[in-house]
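Chain residues, written in single-letter form:
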Amino acid sequence: GHGRCDCGKCKCDEGWYGEACQYPTTCNLTRKKSNEMCKNSQDIICSGAGTCQCGRCKCASSEENGLVYGKFCECDDRECIDDETGEICTGHGKCYCGNCYCEAGWHGDKCEFQCDITPWEIKKRCTSPDGKICSNRGTCVCGECTCHDVDPTGDWGDIHGDTCECDERNCKAVYDRYSDDFCSGHGQCNCGRCDCKEGWTGKKCEHPHSCPMSVEESAKKCQGNSNLPCSGRGRCECGQCTCFPPGDNRVHGKNCECDDRQCENADGDVCGGRGICSCGRCICQDGWFGKLCQHSRKCNMTEEESRSLCESADGILCSGKGSCHCGKCICSPQEWYISGDFCECDDRDCDKHDGLICTGNGVCSCGNCECWEGWNGNACEIWLGREYP
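Residues numbered from 1 in each chain as written. Predicted model: local features only at pLDDT ≥ 70, side-chain atom pairs only at ≥ 80, totals over all residues. Heavy atoms only, no water.

J.: Help me get a handle on the overall build of the chain, residues and values and all.
T.: From N to C terminus, the chain includes four helices and 38 strands. Summed over all atoms, the accessible surface of the chain reaches about 22700 Å², with 46% contributed by carbon and sulfur. Between the centroid of the 43 positive side chains of the chain and the centroid of its 65 negative side chains there is a distance of 6 Å. (Helix = DSSP H or I, 4+ residues; strand = E, 2+ residues; numbered from the N terminus. Areas by Shrake-Rupley, 256 points an atom, 1.4 Å probe, with all protein chains shown as cover. Lys, Arg positive; Asp, Glu negative; His and termini not counted. Charge placed at Lys NZ, Arg CZ, Asp CG, Glu CD.)

J.: Can you break down the UniProt feature "domain: Epidermal growth factor-like" (unreviewed entry) in the chain residue by residue, with the values?
T.: The feature "domain: Epidermal growth factor-like" (unreviewed entry), as given by UniProt, occupies residues 80–111, 263–293 and 350–380 in the numbering adopted here. Segment residues 80–111 splits into 0% helix and 31% strand. End C-alpha atoms: 9 Å apart. (UniProt positions renumbered as here; feature names shortened; annotations may be inferred.)

J.: Got a sec to walk through the packing of aromatic side chains? Specific residues and values, please.
T.: Tallying each qualifying case throughout the model produces zero aromatic pairs. When the ring centre of Trp288 is taken as origin, the NZ or CZ atom of Arg274, which lies over that ring, is 4.0 Å away. (Phe/Tyr/Trp six-rings, centres within 6.5 Å; stacked < 30°, edge-to-face > 60°. Lys NZ or Arg CZ within 6 Å of the ring centre and 35° of its normal.)

J.: For the environment of Gly367, give the residues involved together with the corresponding values.
T.: Inspection of the secondary structure puts Gly367 in the loop between strand S35 (362–365) and strand S36 (368–371). Note on Gly367: relative accessible area 15%, which makes it buried. In this structure, the C-alpha to C-alpha distance between Gly367 and Ile283, residues 84 residues apart in sequence, is 26 Å. The contact partners of Gly367, leaving out residues within four places of it in the chain, are Asp346, Asp347, Asp349 and Cys350. (Buried < 20%, exposed > 50% of the residue type's maximum accessible area, 1.4 Å probe, protein only. Contact = heavy atoms within 4.5 Å.)

J.: Tell me about the pairing of strand S14 (residues 144–147), residues and numbers included.
T.: Side chains Cys145 and Cys147 project from S14 onto a buried face, and the interleaved Glu144 and Thr146 project onto a face without burial. The sheet contact formed by strand S13 (residues 138–141) and S14 spans four bridges and is antiparallel. Residue pairing across strands places Thr139 opposite Thr146, the latter belonging to S14. Counted along the chain from S13 to the antiparallel partner S14, the turn is two residues long, and its residue Cys142 has a positive phi close to 50°. (Pairing = 2+ DSSP bridges.)

J.: Tell me what's going on with the pattern of salt bridges, and back it up with residues and numbers.
T.: For the coordinates displayed, the defined rule picks out eleven salt bridges. One salt bridge in this structure joins Lys39 and Glu36, with 3.0 Å as the shortest N-O distance. One salt-bridge network, held together by shared partners, links Arg233, Asp259 and Arg261. (Salt bridge = Lys/Arg side-chain N within 4 Å of Asp/Glu carboxyl O.)

J.: Which residues make up the state of the cysteines, and what are the values?
T.: Taken as a whole and judged by the stated rule, the model has 30 disulfides. Paired by a disulfide, Cys12 and Cys21 hold their sulfur atoms 2.2 Å apart. Disulfide Cys12 to Cys21: torsion about the S-S bond roughly -95°, handedness left-handed. Residue Cys12 is classed as partly exposed on the basis of its relative accessible area, which comes to 30%. (Disulfide = S-S within 2.5 Å.)

J.: Outline the nonpolar core, supporting the account with residue identities and numerical values.
T.: Counting twelve residues, the largest nonpolar core consists of Leu29, Met37, Cys54, Leu309, Cys310, Cys318, Cys329, Cys331, Tyr337, Ile338, Phe342 and Cys343. Elements with a minimum of two residues in this core: helix H4 (303–310) and strand S30 (328–331). Both domain 1 (3–73) and domain 5 (303–338) contribute no fewer than three residues apiece to this core. (Core = buried A, V, L, I, M, F, W, Y, C linked by side-chain atoms within 4.5 Å. Domains from an automatic or database assignment.)

J.: Break down the side chain of His160 for me, with residues and values.
T.: Secondary-structure assignment places His160 in strand S15 (residues 159–160). Relative accessible area serves as the criterion here: at 15%, His160 is assigned to the buried category. Polar side-chain contacts of His160 include one of 2.7 Å to the side chain of Glu168. Excluding residues within four positions of it along the chain, His160 makes contact with Cys147, Glu165, Cys166 and Glu168. (Polar contact = N/O pair within 3.5 Å; in protein donor to acceptor, adjacent residues only side chain to side chain.)

Put into structure tokens, the structure is as follows:
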């Protein structure tokens, strides 16, 4: 929005420069504020692969060959260059954000090795009984599946089998993630299916035969208005919910529907110290608003100053998915999955387990799960903390 395109190259308006006219020639930000806007999730300015110019990263050699790119210069395609041939992915694959994705019949970090069987045979060997390559839970390399395991403990990990067809996580209830108990402690897990002990039934052996209700009636009573029994945060036994993790009173309610952890920011502050938490939602003090009471209603900026801080690198205000208030983007509440400083993130990209984003044990931050203390895994499904009494 700061120039015109002429034969594939940008000719910038006065006051702007860069290959996409994304950098202002004069900057009204302090160096500290500018650097803060350029820090990646590890608090490194431009990932150490570029310079910060007025709150936007200018990546090393980006105007020459474009091998270093990304909002925070987090992608370095030089990692894909083969030392011997000098080619990207040895000419047998595509590079994306520093990783090679090889053509059929080739493998290796830089697609440098050729398989000794045909692409058809490779696909045949890796296809699982349900017709998916490695059950969509692994990577096929020369006819063998490497499973994307999340908990490689014991004789094998949670995901195993010749075509990764066995997913032991299916034997764990959401609320049992903090322990090693499979099948609610009342059965044996066999390739992702629970075989229950006598006296117990249910998909995860969670229902005692002595209960006067059926499995369906029990689950329905525990479900309430949620899509999952006990909102995916507790154990349902004979129509009664026990919320987990045990001893953590931040998860409460008849159907464990209240999760007050949602009121905390990354530092553990409740509603930013400017409100109270009520069933997982912040009720803000006068003069403050936002999901975590992070926005002040007062503003000492002009409209122009505010808008300049809300423009993303492509010059669009809040990526077209939010409104600008006092130099900060407020993402559209109708689209709950939109987040990020410039509303550039889609939290639907975050990993799920049992239908819950980040398994309910963390928050989704720009497409990646940030797990609460004691939890780990791509979807925060692995408990690593102390054992509860």
